[in-house]
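Coordinate inspection notes
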Amino acid sequence: MDGAVPLFRMEGISKRYGGVRALEKAELSVTPGSIHAILGENGAGKSTLIKVMAGVVAPDEGRMMLDGSEVTFASPAAANQAGIVCIFQELSLVPELSVADNIVISDPPKRFGMIDRKAQRRVAEEALARAGAADIHPLALVKDLPLSRRQMVEIAKALARKPRILILDEATSALTAADVAKIFGVLKRLRSEGLALLYISHRMNEIAELADQCTVFRNGRNVASYAAGTKGDNEVVELMIGREYSHIFPPKPVRAPATAAPVLEARKLSWTDRLDNISLTVSAGEVVGLGGLDGQGQRELLLAFFGVLRGLSGQILIDGRPVAISSPAAARDDRIGMALIPEDRKTEGLMLPMTVRENLSFAALDRLSRAGIIDRAAEQRLIDDMVALLAIKTAGLDIPVGALSGGNQQKVVIAKWLMRKPRIILLNDPTRGIDVGTKQELYQLMRKLADQGAAILFYSTDYDELIGCCDRVLVLYDGAVKRELVGAEITERALISSALNIHGEEMAVTGMAKTPARGADA
Amino acid sequence: MKDWRYWLAEQRGTLLAFGIFIVMFIIYTSNHPAGFTANVVQTASNKGVLLAFVAMAQTLVVITAGIDLSVGMIFTLTNCLASWLVIGTGIETAFGVVAVLGTGLLCGAINGAIVIYGRLQPIVTTIATGAVYFGIALLLRPFPGGSVNEDLADALTGRLFGVVPASLVVLLAVVLVVWVPFSRSVLGRAAYAAGSSEMAAYMSGVPIRRGKFTAYALAGLLAAIGGLFLTFFTYTGEAAYASGNAYTLFSIAAVVLGGVSLFGGKGSAIGAIFGALAFRTIGDLLFVFDFDPLWQPLFQGVILLIAVSLGAFALFRVRNRLEWFL
């Protein structure tokens, strides 16, 4: 590809979010008439890269060149105008508008200053036909379409804008196999028409079929570019590995095979198309990890345990007895004793404007009150214990929790649940966006709680954490458990290849999570 | 092929409001002592049109997923202003009308600017600006009074060809001049898109801010047309606090009855107009059935509550309980 003139170049692009480096001097060039695949594990910087390209995020430094001259994009609209169109993972369709309205939304055909509905209909039908989705009626409301159809509308919408560079970010993840085949046909045609396509996917078989050129990202940098087909799957996984081990993990206990009955057990849990027949067990004293790529059903699984999802099929057992958990209030009840540390502490975990004290005692108010009156002394004792246990750094208990640092906010969320002395602790990516020091403290705490007898189910997008903290890891893919890794089997290589659902050499898919934990001190 | 079914689905709210209105109006006129006469229709039309204008104003803002609690006060303020300005010679009267409408537009634009550029919540903003607008109205008319160009007033509240209420014709004209262009313009669509999913709209490069601003500004204009009509109808201006608040509240009822979603992104001003006419007629049913007028506020409150509850049914189908709170 070296001979081709790049249509678009990114040079030395860096972007930081707070203290986290998402992109670090990243480079990328895109040539017309080719499909360029971007690979990398969770958090490698792929999403930020395309957000910069599409005008959603402004880079801190670096420059972008289109047709040899420097460009900057103040908004997605500006990027569109320059011919860069992105199909985002999180859909950009307006639910209450019709398919046709959505397809022409950024530049509707006009007549006498008003939108020309007939022309709009024509454009929409054309675009749908081009995307191979002529079965979708242009007057249907987007909110009435199933997810796979919406994704097709999204693609038709992108095509209607006549892009020069089309970016697809996990665009096939919601599609049926038949749609994927159609879309591949469309993409190949667009390539022959001279478009530049950027294709981000975790599905290695798709990349093998489509891509001309591949670039691997790691730690916010492009680490390798190669012509598609010149490297094997294992070599690619090797390139994606190699994150710095910056965290210190507490030693895992060497334990005899657990004989105790599991505290938490799931049997054949399914929910809509997000959870597919999941069975697992967690015993007292065990830290079980949930791995896999982002968005494979991990979050839904935790919500299912916590009584948030309706229409769940399958069984949840606590101490071997089947239970129906109908709400978070039921889940935290003493008979079940469950706590969920949510992913988004700002919306699901804390009331930001309220004080540290109030936030801490929310989940335990029923235990701290008699006849509806809060026992202030008991509350104070428990709060003091928790602040000491977690070493929460705060200027006082009566300042708004929103004034604390991210790490200390997260400690408050955890402390709030520990005040109930839960037996089962579900953690949903609890270390996202917090500093390394606090992360370390949380790892220590998790192990300590397990040693005291808690059963812990821990979802993390950070593979290092899963390796460092977990006795067992279940890797999810498309809502199903694809692989169980025990003890020394938990390596970055195993995690990544099973997350990508590559069936390689010794990496046979083991069965359900019925095997008890083995000693794991590698 | 199945186009009409999509059209029907889109217009369901409007058609339902139209149906409710027709049924109520038949009950109303058939029990009215005078029956279905041009006079009864004219009076009903003049009363209904006032709320219809304010409801149209409310619709524009509700479509953007906001709410305008100042529409009733803009209505009151422009009524007071019109009782000073809309008199005299033809030229003077014309100037007065323009000034009154311009004031409404300005009030709406102020709301829009604060909500969009000041990033304040619509509910808080419009409570505050509504209080300001009422304060100005009170200074303009400490006591009820003033006058209006009666020739114009009589022409616009009378009948055309002896049968058609002129106020209905004006309403139709306003729909054609304000609503239809707005709903079919890029800015109108931006207002809908922002109300339905502001993030998706932003990602699609839709002019969200201009769309929302236009919606707020036009809401002020429509409320001013209502205020102008109130003046034509009463020949005076009055800074009536209770009446202004009632119009705000009833406009929300009318909007909901008319199939406009309070969550934004869905519904039309035509639906809201029928919602307004239906709401007025339901309220007036009490009179033809000889109830004590004291019952009317309670009755209207119950209708409002029922109308608002209708919007909550969708929540029963949600499978992830966290979506209740989105």
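All residue numbers refer to position in the chain's written sequence, counted from 1. Chains carry letters and ligands carry numbers; both start at the beginning, A for chains and 1 for ligands, and go up in the order they are written. The model is predicted, so local features are restricted to residues of pLDDT at least 70 and side-chain atom pairs to those at 80 or more, both for listing and for counting; the totals for chains, interfaces and linings are taken over all residues.

On to the overall build of chain B. The secondary structure content of chain B amounts to 13 helices and two strands. Based on C-alpha atoms, the radius of gyration is set beside the globule rule, defined as 2.2 Å times the residue count to the power 0.38. In terms of overall dimensions, chain B is globule-like: its C-alpha atoms have a radius of gyration of 20 Å, near the 20 Å expected for 326 residues. Taking the principal axes of the C-alpha coordinates as reference, chain B spans close to 60 × 45 × 40 Å. Any residue whose C-beta has 12 or fewer other C-beta atoms within 10 Å is treated as exposed, any with 20 or more as buried, and any in between as partly exposed, C-beta atoms being built from the backbone. Counting over 326 residues, chain B shows a buried share of 49%. Sequence separation of at least 24 residues holds for 77% of the intrachain contacts in chain B that already meet a minimum separation of 6. Working definition: helices are DSSP H or I runs of at least four residues, strands are E runs of at least two. Numbering for both runs from the N terminus. The contact rule is simple: place each C-beta atom from the backbone, and if two of them lie within 7 Å, those residues are in contact.

So, about the sheet that holds strand β11 (residues 213-218) of chain A. All names here are of chain A. At least two bridges found by DSSP between two strands is the condition for calling them paired. Read from one edge of the open sheet, six strands run β6-β9-β10-β3-β11-β12, paired in mixed fashion. Edge positions in the sheet fall to β6 (84-87) and β12 (221-227), since each has one partner strand and no second. Taking the axes of each pair of neighbouring strands and ignoring which way they run, one obtains an average angle of 20 degrees across the sheet. Judged from the six bridges that link them, β11 and β12 form a sheet pairing that is antiparallel. Directly across from Phe217, in β12, lies its bridge partner Asn222. To obtain each axis, a line is fitted to C-alpha atoms, and for helices this fit is confined to the stretch in contact; angles are then taken between N-to-C directions over 0 to 180 degrees. Across the sheet, helix α8 (residues 233-240) lies against β3 (34-39), β11 and β12, angled at about 35 degrees from β11, the strand it touches most.

The next subject is the sheet that holds strand β24 (residues 480-486) of chain A. Residue and element names in this part refer to chain A. Spatial ordering of the open sheet is given by β18-β21-β22-β15-β23-β24, a layout of six strands whose pairing is mixed. Bordering the open sheet on either side are β18 (338-341) and β24, each of which pairs with just one other strand. Along the sheet, successive strands turn relative to each other by an average axial angle of 20 degrees, direction set aside. One ladder, built from four bridges, connects strand β15 (residues 287-291) with strand β22 (residues 455-459); its direction is parallel. Bridging from a neighbouring strand, Gly289 pairs with Phe458 of β22. Docked against the sheet, helix α9 (residues 298-305) engages β15, β18, β21 (424-428), β22 and β23 (472-477), running at close to 150 degrees with respect to β21.

Moving on, we get to the confidence of the model for chain B. pLDDT measures the predictor's confidence residue by residue and takes values from 0 up to 100. Put simply, chain B has an average pLDDT of 89, and 95% of its residues get 70 or more. Both scores are available for the predicted complex, with the pTM at 0.76 and the ipTM at 0.79.

Taken residue by residue, the interface counts 25 residues in chain B and 28 residues in chain A. At the level of elements, α1 (3-31), α7 (166-184), α8 (186-196) and α9 (198-203) of chain B are the ones that each hand at least two residues to the side of chain B that touches chain A. Basically, the charged four are Asp, Glu, Lys and Arg, the nonpolar ten are Ala, Val, Leu, Ile, Met, Phe, Trp, Tyr, Cys and Pro, and anything else, Gly included, counts as polar. Looking at side-chain class alone, the side of chain B that touches chain A contains 11 nonpolar, seven polar and seven charged residues.

What follows is about the nonpolar core. Judged by nonpolar contacts, the single largest core of 249 residues is most densely connected at Ala156(A), Leu426(A), Ile456(A), Phe458(A), Phe53(B) and Ile273(B). The element best represented in this core is helix α10 (residues 208-234) of chain B, accounting for 16 residues. In this structure, Ile273(B) is in contact with Ala52(B), Ala55(B), Met56(B) and Leu171(B), ignoring residues within four places of it in sequence. What we call a nonpolar core is a set of buried Ala, Val, Leu, Ile, Met, Phe, Trp, Tyr and Cys residues whose membership is set by joining through C-beta atoms within 7 Å.

The next thing to look at is unusual backbone geometry. Residue and element names in this part refer to chain A. With phi around 50 degrees, Lys25 is a residue other than glycine that occupies positive phi space. Among the secondary structure elements, Lys25 is positioned in strand β2 (residues 20-30). You will see that Asp478, though not glycine, has its phi angle at about 55 degrees, which is positive. By the secondary structure assignment, Asp478 is in the loop between β23 and β24. C-beta crowding within 10 Å serves as the criterion here: with 15 such atoms nearby, Asp478 is assigned to the partly exposed category.

Residue and element names in this part refer to chain B. At a minimum axis distance of 8 Å, the contact between α1 and helix α12 (residues 269-288) shows a crossing angle of 25 degrees. Taken together, the axes of α1 and α12 are roughly parallel relative to one another. Of the two possible hands of crossing, α1 and α12 adopt the one that is left-handed. Of the residues in α12, those touching α1 at Gly13, Thr14, Ala17, Phe18, Ile20, Phe21, Met24, Phe25, Ile27, Tyr28 and Asn31 are Ile270, Gly271, Phe274, Gly275, Leu277, Ala278, Thr281, Ile282, Asp284, Leu285 and Val288. Of the residues contributing to the contact of α1 with α12, the split by class is 15 nonpolar, six polar and one charged. Just so you know how the angles are binned, under 35 degrees is roughly parallel, over 145 roughly antiparallel, 65 to 115 roughly perpendicular, and the rest oblique. Each crossing gets its handedness from the near helix: less than a right angle anticlockwise from the far helix is left-handed, clockwise is right-handed.

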